[in-house]
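Structural features, examined
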Amino acid sequence: MNEQTLNPHTLTLPKALVTLLAGALFGFGLSLATMVQPDVVISFLRFQDWGLMLVMGGAAGLAALAYKGFPRWFARPVLGGQFLTQPAQWNRQTVIGSAIFGIGWGLSGVCPGPAIAALGTGNTDILWALGGIVLGGLAHGLTAQD
């Protein structure tokens, strides 16, 4: 085996095309589920709109099934590499980061994935939220301890 087949992060044309297709499908699904509309997300967070609860529950269930099932069902990923696991580590930074994310999500009704998908719908007001997401990421990068 050469170095390229051992490195799961090596980007090949098939991986790039599958990633592009998955991202487009994800964005379309978010738009179809109206998760790109902050008003709808805020009504979901206030327990007024149960439709998004079904969407998020279905997505979380499918992701959990794939995350736990694929390594059991397949010897290796279809496009090469290996299945990776990342143990969860709860610490003070995780709790603080989760709280900041939740507060920002609750105040704005914007999550990073749907925010990028919302740009595709022509919602330019979302740029304010994306700016905050970028600044938060930069702040974390500057203050993170390795």
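A brief look at the structure comes next. Just so we're clear, the structure is a prediction, and the values are computed from it rather than from any experiment.

Moving on: the overall build of the protein chain. A tally of regular secondary structure across the protein chain gives seven helices and zero strands. When the helices and strands of the protein chain are read in sequence order from the N terminus, they spell out α-α-α-α-α-α-α. Considered along the principal axes of its C-alpha atoms, the protein chain spans approximately 50 × 35 × 25 Å. Per-residue burial for the protein chain yields a buried fraction of 18% across its 146 residues. Contacts in the protein chain between residues far apart in sequence, at least 24 positions, make up 43% of those at least 6 positions apart. On the protein chain, roughly 11100 Å² of surface is accessible, and the fraction owed to carbon and sulfur atoms is 69%. On the protein chain, the mean spot of the 6 positive side-chain charges and the mean spot of the 5 negative ones are 15 Å from each other.

As a further point, take helix α7 (residues 126-143). It helps to recall that an α-helix has 3.6 residues per turn; residues three or four apart then point in one direction. Here α7 contains 18 residues, and its C-alpha end-to-end distance of 26 Å stays within 8% of the 26 Å for a straight helix at 1.5 Å per residue. The complete set of buried residues in α7 reads Ile126, Ala129 and Leu130. Angularly, the buried residues of α7 cover 100° about the axis, an arc narrow enough to put them on a single face. Opposite the packed face of α7, turned more than 90 degrees from it, sit the exposed residues Trp128, Leu135, Leu138, Leu142 and Thr143.

Our next topic: the side chain of serine 43. Tracing the backbone through its elements, the reader meets serine 43 in helix α3 (residues 38-45). The exposure class of serine 43 is buried, given its relative accessible area of 18%. With residues near it in sequence (within four places) discarded, serine 43 still touches Gln48 and Asp49.

Turning our eyes to something else, we now look at the packing of aromatic side chains. Applying the stated criterion across every chain, the model contains five aromatic pairs. Residues phenylalanine 101 and tryptophan 105 carry aromatic rings whose centres are separated by 6.1 Å and whose planes lie at 35° to one another, so their mutual orientation is tilted. Taken together, the residues span about one helical turn, with phenylalanine 101 and tryptophan 105 both in helix α5 (residues 92-108) at a distance of four residues. Taken together, Phe44, Phe101 and Trp105 form an aromatic cluster joined through their ring pairs.

A few words now on the packing of α3 against α5. With their axes 8 Å apart at the nearest point, α3 and α5 run at an angle of 120° to one another. Here Pro38, Val41, Ile42, Phe44 and Leu45 of α3 lie close against α5, whose contacting residues are Trp105, Gly106, Leu107 and Ser108. When grouped by side-chain class, the residues that make up the contact of α3 with α5 number seven nonpolar, two polar and no charged.

Here we come to unusual backbone geometry. The phi torsion at threonine 34 lies on the positive side, around 65°, for a residue other than glycine. Looking at the element boundaries, threonine 34 is found in the loop between α2 (13-32) and α3. Judged by relative accessible area, threonine 34 falls into the partly exposed class, the value being 27%. If you check the backbone angles, phenylalanine 47 has positive phi at about 60° while not being a glycine.

The rules behind the values
Per-chain numbering applies: the sequence of each chain, read as written, is numbered from 1 onward. Local features in this predicted model are restricted to residues whose pLDDT is 70 or higher, and side-chain atom pairs enter the listing and the counts only when it is 80 or higher, whereas totals over whole chains, interfaces and linings include all residues. To get the side-chain values, take all heavy atoms of the structure and skip hydrogens and water. Numbering of helices and strands starts at the N terminus; helices are DSSP runs of H or I of at least 4 residues and strands are runs of E of at least 2. Burial classification: accessible surface area is computed with a 1.4 Å probe over protein chains only, and a residue below 20% of its type maximum counts as buried, one above 50% as exposed, and the rest as partly exposed. A contact between two residues is defined here by any heavy atoms of the two lying within 4.5 Å. Working definition of accessibility: Shrake-Rupley area with a 1.4 Å probe, residue cover restricted to the visible protein chains. When charges are counted, Lys and Arg are positive and Asp and Glu negative, with His and the chain ends excluded. To locate a charge, take NZ of a lysine, CZ of an arginine, CG of an aspartate or CD of a glutamate. A helix's residues, less one, multiplied by 1.5 Å, set its expected span. The arc in question is the one traced by the directions running from the helix axis out to the C-beta atoms. Two aromatic rings, drawn from Phe, Tyr or Trp (for Trp, its six-membered ring), form a pair once their centres lie within 6.5 Å of each other, and the interplanar angle then sorts them: stacked below 30 degrees, edge-to-face above 60, tilted otherwise. Geometry is summarised by axes, namely lines fitted to C-alpha atoms with helices restricted to the contacting stretch, and by angles between N-to-C directions that run from 0 to 180 degrees. The classification used treats Ala, Val, Leu, Ile, Met, Phe, Trp, Tyr, Cys and Pro as nonpolar, Asp, Glu, Lys and Arg as charged, and all other residues, Gly among them, as polar.

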